[in-house]
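# Fold and geometry: a report
So the chains spell out like this:
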Amino acid sequence: MNDPRFSLNSSPKHFNKGLLVGLFMRERIIEVGLAIAAGIPVLISLAILGVFLYEATFFFQEVSPWQFLTDTQWTPLFASQKFGIFVLTSATFSIAAIATFVAVPIGLLAAIYLAEYAPQQVRRILKPALETLSGIPTIVYGYFAVLLVTPLLQQFIPNLGGFNALSAGLVTGILITPIVSSISEDAIENVPMELREGGYSLGFTKRENILRVILPIAFPGIVAAITLATSRALGETMIASIAAGQNPNLTLNPLVPVESITAFIIQVSLGDVPANSFLFHTLFTVGFVLFLLTFSLNWLGHWLVRRHEQMMKGLSIPSIEVESDSSRESSRAIASLNFPLDTHLSFEKALTRRQRYDRLFLSLTLCTTLVGAIVLVILLTSVLLQGIPVLDGSFLTSFASRNAEDAGIYAALVGTLWLLVLTAAIAFPIGVGAAIYLEEYLPRNTFNHILEIHLANLAAVPSIIYGLLGLALFARVLQPITGGRSLLSAALVLSSIVLPLVIITTRGALRSVPQSQRQAAFGVGMTQWQAIHNVILPSAFPRIITGMLLALSRAIGETAPLIAVGAVAYISFVPEFSLGDLQSNFTTLTTQIFYWIARPQKEFHNLAAATILVLGAIVFTINIFAVLLRDFYRKKKGELANNKP
Amino acid sequence: MNNQQAITMNNPVFTSKSEQESSEILPEVILQAEDVSVSYHGIPALQNISLEIYKNQITSFIGPSGCGKSTFLRCFNRLNDLIPETRMTGKIRFFGQSIRRMNPVEIRRRIGMVFQRPNPFPKSIYDNIAVGLRVNGYRGNLDDRVETSLRHVGLWNEVKNKLKKNALDLSGGQQQRLCIARTIALNPEVILMDEPTAALDPISAGRINDLLMTMRQYYTIILITHNLKQAALVTDRVAFFNVEINSRGDRVGKLIEYAPTLDIFVNPTQQTTWDYVVPGSRYSS
Ligand SMILES: Nc1ncnc2c1ncn2[C@@H]1O[C@H](COP(=O)(O)OP(=O)(O)O)[C@@H](O)[C@H]1O
Ligand SMILES: [Mg+2]
């Protein structure tokens, strides 16, 4: 045993005991830090609840719930104040109803095509085309609705107002179509192969199998998709406030100007509302109504999705036979039957006719799937046609101006880039830390499960709600730090919005690391954190970064929460990296687009189009970057795998 | 007197195979496979299978798992067409006509299938049977047809008072009989069964065996089974498949021996068949 070759791990004294104690301390500190990160989304939910309830209490001290529910007018800005919430909800609901009416048939047929018919290559193009629709900043849809769709509709409906629920609803419908299609597609794909084969083996054509077997089984999942999409339509802010108008009007007529809950919030946010004023309380009460509506729909939707998935998993686990009198009787009965069944069956429907319906159905689903690509093309061409002529160097380097020829987006561009960096710097560490805690430390119990659903719901809360939270919390309570309605407050709002997304995608990335890698790490004596730091994180890294980039591209498309937290129309300086500048006023590309669309002159609309192009270019760059990164890592992984003997 | 007994009586147990074939009066051929090979993703799973399926007999496919029995069975109703990257070569004739020229939808109505795991639709018991009839445009009385189908699988008494209940509430064995009922309701000319009792408890399995015994002289059935007792009990002919490693190292399914049931169990001509079916060898149970 004295052979030096064997002395490698001869005695434990080679390992420093003090090091172990230090290691233990470090483990504890890291765990506590991660737990705090995981607590932040919970804190945000509590803050939303707290702030909104607090403000609503003041509101209901002056206005009785009875008045709130029964008044037929909504005039908080006038001397004779009336607070009939149904005036606003009627507009919110009619826009959402029109949107759902558009999105359900298109989304469902597209889901059927993508899940059941599309060849791989076609699917690879059409699915992203369709899903891009829900990634387009909603301010762009607002532009589209008011400058393209409404004028077009007016040609067919002469008495259509310049602002109306119809075009807002139609365009919102396009925005939520991908939500319907992608969740329905999952539900359809989850239908077990055995049941499909059951249908085919009874001589069903593909269409018959889809309509008779697959869709009925996928139905609960489809209902969930519709629920979640409707919730998104209810909370949609920019389209409603740009295209549907700001006229509180208790009506279900889609042709006249109305005001939705979200449009009211934007309208009030545009002015400077003093804190603790009655209008301020009203703002939050209305926001709370919207929050309750969408939050309950989201819970319902996510619960349905989960229940459906579980149902699919347990679909055919049959129980054991029990002997009973009736079963014994029926087996005796078999013997006495004269086989076979009456063989003179007549089947009337000619197969050729059934197959003609099949081809028709296929073309129908294909055409609706193309709607996504077509809308994209129309949008892009109209924006390009309007925007290209004004897009030049001086447009990028000038400040905004009253004069359309001199106006540029310098401050807005810098503001957007600043927000991008700040949001990444805040949301990334917190989000990844929280995800690590939830996924690697917290036991997988019911509480963790509920937290997971809750995070999905937080991600679906309308962003305007976060804007109001930011207004109350970051811009007022934390004013000494943030400087009020500032770049910093805006970055905190955007971080709250993307945090749930970052956590969800990071959890997915961590979950995709095979369990064997964890065991290998623990097997060589790594502590929990060492395993995470050295093995799990590096392996999950590409997916984490991809998720983060996608979350950021969502963040820079946001408009409504920035208006709520106080983005201004005109700024004549660019912020530097100093606390003073971060505490200063801000403007961004999206809010700049909003202010320009609101101008009556056509020249400003062209400026808006050019700004949309710049915004689009940034979002596109981020997405390309995400895809390249993913492919790069995938290739690297592939090479590693190939090197194996 | 059925075929099986006829064979047994006319042939002494230890005659050679060729003698047997010559003296056997074979019934009409319904399905005929000629040199069938199947590959998944370009990797062969099954090679050069030729055999004939006779009318009103139960033919069983036996062999170790992974030898391609299911793959072969699913060629007969072209169910493999639905799996991407699956290629079949060779020819299958149905009443002399190549099935490749026929409409797969029509083939599947005429050649029904029952699967290993019961797969009733999550609909009512009644609708499970009615949906196939409706889609295929059945002209008679639906209620009557549903009742007779259920009676023929011995399920009627158990379910007649709960026809509107969800089929998933039935026990596994009942579900499987419902699936058989749903198949025979369409009056198929052949029924393919892929280990129909493998996922069931012994009582349920026994009941399905009873049912197969009753059906055997009236239906043409191809039955995959791992249960040799079942094969010996209810079938007329047995095809034994096995896995062979080809020159490229792929595990490929081959047909080793195809003969009347008694010959396979008592007088197999191939050593591998012998190893598989003879009691005391590692497969038998
Ligand atoms: N859908 C499929 N894709 C790829 N390979 C398959 C598929 N189905 C079966 N196989 C392969 O084909 C071979 C034969 O399988 P199978 O026909 O199911 O055998 P058996 O029914 O005799 O157990 C197996 O090696 C199996 O892995
Ligand atoms: Mg099998």
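Everything numeric here is computed off the predicted structure, so don't read it as measured data.

As a further point, take the overall build of chain A. A tally of regular secondary structure across chain A gives 25 helices and 0 strands. The proportion of buried residues among the 645 residues of chain A is 53%. Counting contacts in chain A only where the partners sit at least 6 residues apart, residues at least 24 apart contribute 78% of the total. For chain A, the accessible area works out to roughly 29400 Å², and carbon and sulfur atoms hold 66% of it.

Residue and element names in this part refer to chain B. Residues in close proximity to ligand 1 include Tyr40, Ala45, Ser65, Gly66, Cys67, Gly68, Lys69, Ser70, Thr71 and Ile83, which together make up its full environment. Within the backbone of Cys67, one N or O atom sits 3.3 Å away from an oxygen atom of ligand 1. Between Lys69 and ligand 1, the recorded distance is 2.9 Å, taken from a side-chain N or O atom to an oxygen atom. Within the complex, the protein chains bury 61% of what would otherwise be the 550 Å² of accessible surface of ligand 1. Of all the elements, helix α3 (residues 69–76) adds the most residues to the shell around ligand 1, at 3 residues.

Residue and element names in this part refer to chain A. Where helix α3 (residues 85–117) meets helix α8 (residues 206–235), the closest approach of the two axes is 9 Å, and the angle between their N-to-C directions is 145 degrees. When you trace α3 past α8, the crossing you get is right-handed. Every residue of α8 that contacts α3 at Thr92, Phe93, Ala96, Ala99, Thr100, Val104, Leu108, Ile112, Glu116 and Tyr117 is listed here: Lys206, Arg207, Ile210, Ile214, Leu215, Ile222, Ile226, Thr230, Ala233 and Leu234. Taken together, the residues of the contact of α3 with α8 break down into 14 nonpolar, 3 polar and 3 charged.

Residues and elements named next belong to chain A. Topologically, Phe60 is positioned in helix α1 (residues 17–62). Residue class for Phe60 comes out partly exposed when judged on its relative accessible area of 30%. Expressed as a C-alpha distance, the spacing of Phe60 and His281, which sit 221 residues apart in the sequence, is 9.1 Å. Not counting the four nearest positions on each side in its chain, Phe60 is found in contact with Pro65, Phe68 and Thr285.

Attention shifts here to helix α4 (residues 120–132) of chain A. Residues and elements named next belong to chain A. Here α4 is 13 residues long and its end C-alpha atoms lie 18 Å apart, about the 18 Å a rise of 1.5 Å per residue gives. Where α4 is concerned, the buried positions are Leu126, Lys127, Ala129 and Leu130. All buried residues of α4 project into a common sector of 165 degrees when viewed along the axis, lining one side. In α4, the exposed residues that point more than 90 degrees away from the buried face are Gln121, Arg124 and Ile125. In the core, the buried residues of α4 are packed alongside α3, α6 (165–189) and α13 (351–387).

Now for a nonpolar patch on the surface. Residue and element names in this part refer to chain A. Taken together, the side chains of Leu380, Leu384, Ile388, Leu391 and Leu396 make up a nonpolar region of the molecular surface, amounting to roughly 400 Å² of accessible area. Mapping Ile388 onto the fold places it in the loop between α13 and α14 (393–397). Relative accessible area serves as the criterion here: at 47%, Ile388 is assigned to the partly exposed category.

The next point concerns the pairing of strand β3 (residues 58–62) of chain B. Residues and elements named next belong to chain B. Counted residue by residue, β3 has 5 buried out of 5 residues, so it is predominantly covered. The alternating pattern of β3 places Ile58, Ser60 and Ile62 and Thr59 and Phe61 on opposite faces, both of which are buried. Pairing analysis gives 4 bridges linking β3 to strand β8 (residues 221–224), with the strands arranged parallel. Bridge pairing in β8 places Ile58 opposite Ile221.

Glancing now at the confidence of the model for chain A. Across chain A, the average pLDDT comes to 86, with 90% of residues at or above 70. Put simply, helix α12 (residues 325–335) of chain A is where chain A has its lowest mean pLDDT, 59, and α3(A) is where it has its highest, 95.

All names here are of chain A. Under the criterion given, the structure shown has 26 aromatic pairs over all chains. Measuring from centroid to centroid gives 5.5 Å for Phe83 and Phe278, while their planes differ by 80 degrees, and the two rings are edge-to-face. Within this pair, whereas Phe83 is found in the loop between α2 (65–70) and α3, its partner Phe278 is found in helix α11 (residues 278–313), the two being separated by 195 residues in sequence. One exposure class covers both Phe83 and Phe278, and it is buried. Following the ring pairs from residue to residue traces out a cluster consisting of Phe59, Phe60, Phe68, Trp74, Phe83, Phe264 and Phe278.

Moving on, we come to unusual backbone geometry. Residue and element names in this part refer to chain B. Unusually for a residue other than glycine, Asn48 sits at a positive phi of about 50 degrees. Mapped onto the elements of the fold, Asn48 is located in strand β2 (residues 43–54). A positive phi angle, near 55 degrees, is found at Asn187, a position not held by glycine. Along the chain, Asn187 falls in the loop between α8 (172–184) and β7 (190–194). Note on Asn187: relative accessible area 16%, which makes it buried.

With that settled, consider the pattern of salt bridges. All chains considered together, the criterion is met by 28 salt bridges over all chains. The closest approach of N and O atoms between Arg444(A) and Glu439(A), which form a salt bridge, is 2.4 Å. Across the salt bridge formed by Arg134(B) and Asp127(B), the nearest N and O atoms sit 3.7 Å from each other. Of the residues examined, Arg134(B) reaches a relative accessible area of 35% and is grouped as partly exposed. On the accessibility criterion, Asp127(B) (24% relative accessible area) is partly exposed. Through salt bridges with shared partners, a single network forms among Arg306(A), Glu439(A), Arg444(A), Glu452(A), Arg507(A) and Arg511(A).

Bringing the packing of helix α15 (residues 410–441) of chain A against helix α21 (residues 528–556) of chain A into the picture now. Residue and element names in this part refer to chain A. Contact geometry of α15 with α21 gives a least axis separation of 9 Å together with a crossing angle of 140 degrees. By the angle between their axes, α15 is oblique relative to α21. Handedness of the crossing formed by α15 with α21: right-handed. Along the contact surface, α15 presents Thr416, Leu420, Thr423, Ala424, Ala427, Phe428, Val432, Ile436, Glu440 and Tyr441, while α21 presents Gln528, Trp529, Ile532, Ile536, Leu537, Ile544, Ile545, Met548, Leu552 and Ile556.

What counts, and at which threshold
Residues numbered from 1 in each chain as written. Chains lettered and ligands numbered in written order. Predicted model: local features only at pLDDT ≥ 70, side-chain atom pairs only at ≥ 80, totals over all residues. Heavy atoms only, no water. Helix = DSSP H or I, 4+ residues; strand = E, 2+ residues; numbered from the N terminus. Buried < 20%, exposed > 50% of the residue type's maximum accessible area, 1.4 Å probe, protein only. Contact = heavy atoms within 4.5 Å. Areas by Shrake-Rupley, 256 points an atom, 1.4 Å probe, with all protein chains shown as cover. Near = heavy atom within 4 Å. Polar contact = N/O pair within 3.5 Å; in protein donor to acceptor, adjacent residues only side chain to side chain. Axes fitted to C-alpha atoms, helices over the stretch in contact; angles between N-to-C directions. Left-handed = near helix turned anticlockwise from the far one by under 90°. Nonpolar A, V, L, I, M, F, W, Y, C, P; charged D, E, K, R; others polar. Expected span 1.5 Å × (residues − 1). Arc of directions from axis to C-beta. Patch = residues over 30% accessible without salt bridge, like charges linked within 9 Å, V, L, I, M, F, W, Y side chains within 5 Å. Salt bridge = Lys/Arg side-chain N within 4 Å of Asp/Glu carboxyl O. Pairing = 2+ DSSP bridges. pLDDT = per-residue confidence, 0-100. Phe/Tyr/Trp six-rings, centres within 6.5 Å; stacked < 30°, edge-to-face > 60°. Parallel < 35°, antiparallel > 145°, perpendicular 65-115°, else oblique.

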